[in-house]
Amino acid sequence: MKLLIISAGVHPVPPVNGGAVENLIDFYLKDSKNNNIEVLSIYDDKVENYEYKYDNCKFHFIRKNPIFDFFTLYFEKILRRLFGIYYGTPYIRKVCSYIKKKENNYDMIVVENMPQYGPMIKKISNSKLVLHLHNDYLNIDSFKNKENYSSFDKILCVSDFISNRVRAVYNTNDNKVYTLYNGIDLKRFYNNSKSNDDIFTKYKIKKSKFNIIYSGRVCPEKGVENLIDAFNMLNDSTLQLIILGGYNYGTSKDNEFITNLKKKSLGRNVVFTGYVNYDDINYLYAIADLGVIPSIVNEACPLTAIEMMASGIPVICTNSGGLPELIDDGCGIIVDRTNLTQNLTRTIKKIYDNKDSLKNYSQNAKLRSQNFSRELYVTNFWKYLEKFNK
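Nothing here was measured: the structure is a model prediction, and the numbers come from that model.

All right, on to the layout of surface pockets then. Space inside the second largest pocket adds up to approximately 270 Å³. Residue lining of the second largest pocket: 14 residues in total, with Tyr-86, Tyr-87, Arg-93, Met-120 and Lys-123 positioned closest to the centre. Elements represented by at least two residues in the lining of the second largest pocket include exactly α3 (90–102), α4 (118–122) and α5 (145–151). If one sorts the elements of the lining of the second largest pocket by residue count, α3 sits on top with 4 residues.

A separate point is the pattern of salt bridges. Per the counting criterion, the structure on display carries 18 salt bridges. The salt bridge involving Lys-102 is made with Glu-38; its shortest N-O contact spans 3.9 Å. Residue Lys-102 is found in helix α3, and its partner Glu-38 is found in strand β2 (residues 36–42); the two are separated by 64 residues along the sequence. The closest approach of N and O atoms between Asp-280 and Lys-202, which form a salt bridge, is 2.6 Å. Placement of the pair is Asp-280 in helix α11 (residues 278–286) and Lys-202 in helix α8 (residues 196–202), with a sequence separation of 78 residues.

Glancing now at the nonpolar core. If you look at the biggest cluster of nonpolar residues, it comprises 70 residues, and the most contacted ones within it are Ile-6, Val-111 and Ile-121. In terms of nonpolar packing, the next biggest core, distinct from the first, is built from 30 residues, Val-21, Phe-59, Met-108 and Leu-385 among them.

The sheet built from 6 strands is open, its strands ordered β10-β9-β8-β11-β12-β13 with parallel pairing. The open sheet has two edge strands, β10 (270–274) and β13 (332–335), and neither has a second partner. Taking each pair of neighbouring strands and ignoring which way they run, the sheet shows an average axis angle of 20°. Note that strand β8 (residues 210–215) and strand β11 (residues 290–293) share 2 bridges and pair parallel. Looking at the pairing, Ile-212 lines up with Leu-290 of β11.

A cluster of nonpolar side chains, contributed by Tyr-74, Ile-78, Leu-82, Phe-83 and Ile-85, occupies part of the molecular surface with about 540 Å² of accessible area. Looking at the element boundaries, Ile-85 is found in the loop between α2 (66–83) and α3.

Before going further, it helps to examine the environment of Lys-46. Along the chain, Lys-46 falls in the loop between β2 and β3 (57–62). Taking the C-alpha atoms as reference points, Lys-46 and Pro-15, separated by 31 residues in sequence, lie 9.6 Å from one another. Not counting chain neighbours up to four residues away, the residues in contact with Lys-46 comprise Val-16 and Asn-17. In this structure the side chain of Lys-46 is engaged in a polar contact, spanning 2.8 Å, whose partner is the side chain of Asn-17.

Right, let's talk about helix α9 (residues 224–234) for a bit. Most of α9 sits out of view: 8 of its 11 residues are buried. Every buried residue belonging to α9 is among Val-224, Asn-226, Leu-227, Ile-228, Ala-230, Phe-231, Asn-232 and Leu-234, and all of these are buried. With its phi angle positive at about 45°, Asn-235 sits one or two positions after the end of α9.

Here Ser-127 lies in the loop between α4 and β5 (128–133). Owing to a relative accessible area of 5%, Ser-127 belongs among the buried residues under this scheme. Among the polar contacts made by the side chain of Ser-127, one reaches the main-chain carbonyl oxygen of Tyr-106 at a distance of 2.8 Å. Look past the residues within four positions of Ser-127 in its chain and what remains in contact with it is Asn-104, Tyr-106, Asp-107, Met-108, Ile-109, Lys-122 and Asp-153.

Right, let's talk about the sheet that holds strand β4 (residues 108–112) for a bit. Read from one edge of the open sheet, 7 strands run β3-β2-β1-β4-β5-β6-β7, paired in parallel fashion. Two strands in the sheet have a free side with no partner beyond their single neighbour: β3 and β7 (177–179). Here the average twist between neighbouring strands, direction ignored, is 20°. In this fold helix α6 (residues 160–167) packs onto β5, β6 (154–157) and β7, with an angle of close to 170° to the strand it touches most, β7.

Reading the values: rules and limits
- Residues numbered from 1 in each chain as written.
- Predicted model: local features only at pLDDT ≥ 70, side-chain atom pairs only at ≥ 80, totals over all residues.
- Heavy atoms only, no water.
- 1 Å grid on protein atoms, 1.4 Å probe; cavity = no way out; pocket = protein on both sides within 12 Å on 5 of 7 lines; lining within 4 Å.
- Points joined across faces, edges and corners; volume = space filled by probe spheres on them.
- Helix = DSSP H or I, 4+ residues; strand = E, 2+ residues; numbered from the N terminus.
- Salt bridge = Lys/Arg side-chain N within 4 Å of Asp/Glu carboxyl O.
- Core = buried A, V, L, I, M, F, W, Y, C linked by side-chain atoms within 4.5 Å.
- Buried < 20%, exposed > 50% of the residue type's maximum accessible area, 1.4 Å probe, protein only.
- Pairing = 2+ DSSP bridges.
- Axes fitted to C-alpha atoms, helices over the stretch in contact; angles between N-to-C directions.
- Patch = residues over 30% accessible without salt bridge, like charges linked within 9 Å, V, L, I, M, F, W, Y side chains within 5 Å.
- Areas by Shrake-Rupley, 256 points an atom, 1.4 Å probe, with all protein chains shown as cover.
- Contact = heavy atoms within 4.5 Å.
- Polar contact = N/O pair within 3.5 Å; in protein donor to acceptor, adjacent residues only side chain to side chain.

The following block contains the structure:
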């Protein structure tokens, strides 16, 4: 099968700058199943020194033109706001120019996470068009939702929550929308051999505490403030809260929100690590006793939940989006977002006071994580594409 993979155009593929979507693309490209694949990606200088480990893959990089791109994006925003027209970003317009030159030379085109690209590609290509949707970008409230939905032949979504949101666009249960759960490299989280002393020292974490960990962006919609308020209400010196992450990817600078959180946490056992390189994530999970994902907004299929389970960490999470599809009552506790601070306080205390349940949750979490392995994700991805190509 001759395939064209169109990355979102946010971060480059190969994932030299990280990115959850880009790493998931990387997983399936490394097991290409003898397919003939071309990949379109945004350019970054780091790709020049990347050691490519892909078979049957050719990469074409779209370079940025800062001045031209700025005015194009500005023009696109005006057209969208005033006339409801999607003109397209500089990236997708260059992608379409590339496809035109190929003259429908693909059996299938896979668009990663950008439903708005569909209509533009459909106008210039007769290839089967598949959307791999990682976020809640196609629903009854999204811009040009019906036009975007109709442009794709098949849609793969990362959770049933996202699948149902997509189906609601036309209120249909047709055979167009399928669920493909994300996967991670489980072994990375099973075996954490790095000295814990190194991690305690590097991130100024106190020893001999019951460590509660949050991992992700530190912003209001993630419920971090509720978690800190809940932790403060417990007022227990044997507990320690580790806030792993910054307000945005790749930065440890404090914005106003994080500054206020730190003021709330003065004199408490709360550690703010700032942005953490992904190479250290599994070692920080290794010292955690309990994980909390207190999201206020609906999550699609957060890799953090799978990583915590693979590390054997019991998880408290909210009933947000696809989270309940990952965390079951054997490996954690799901709390309601209503009265979130009080619910978190009560649930953390419940787990902390029952050490026997911690062990059971931990064992079940590792078992549960096997449903979300990298290998299973890649196998199912290629099975779906083979099915769609018939």
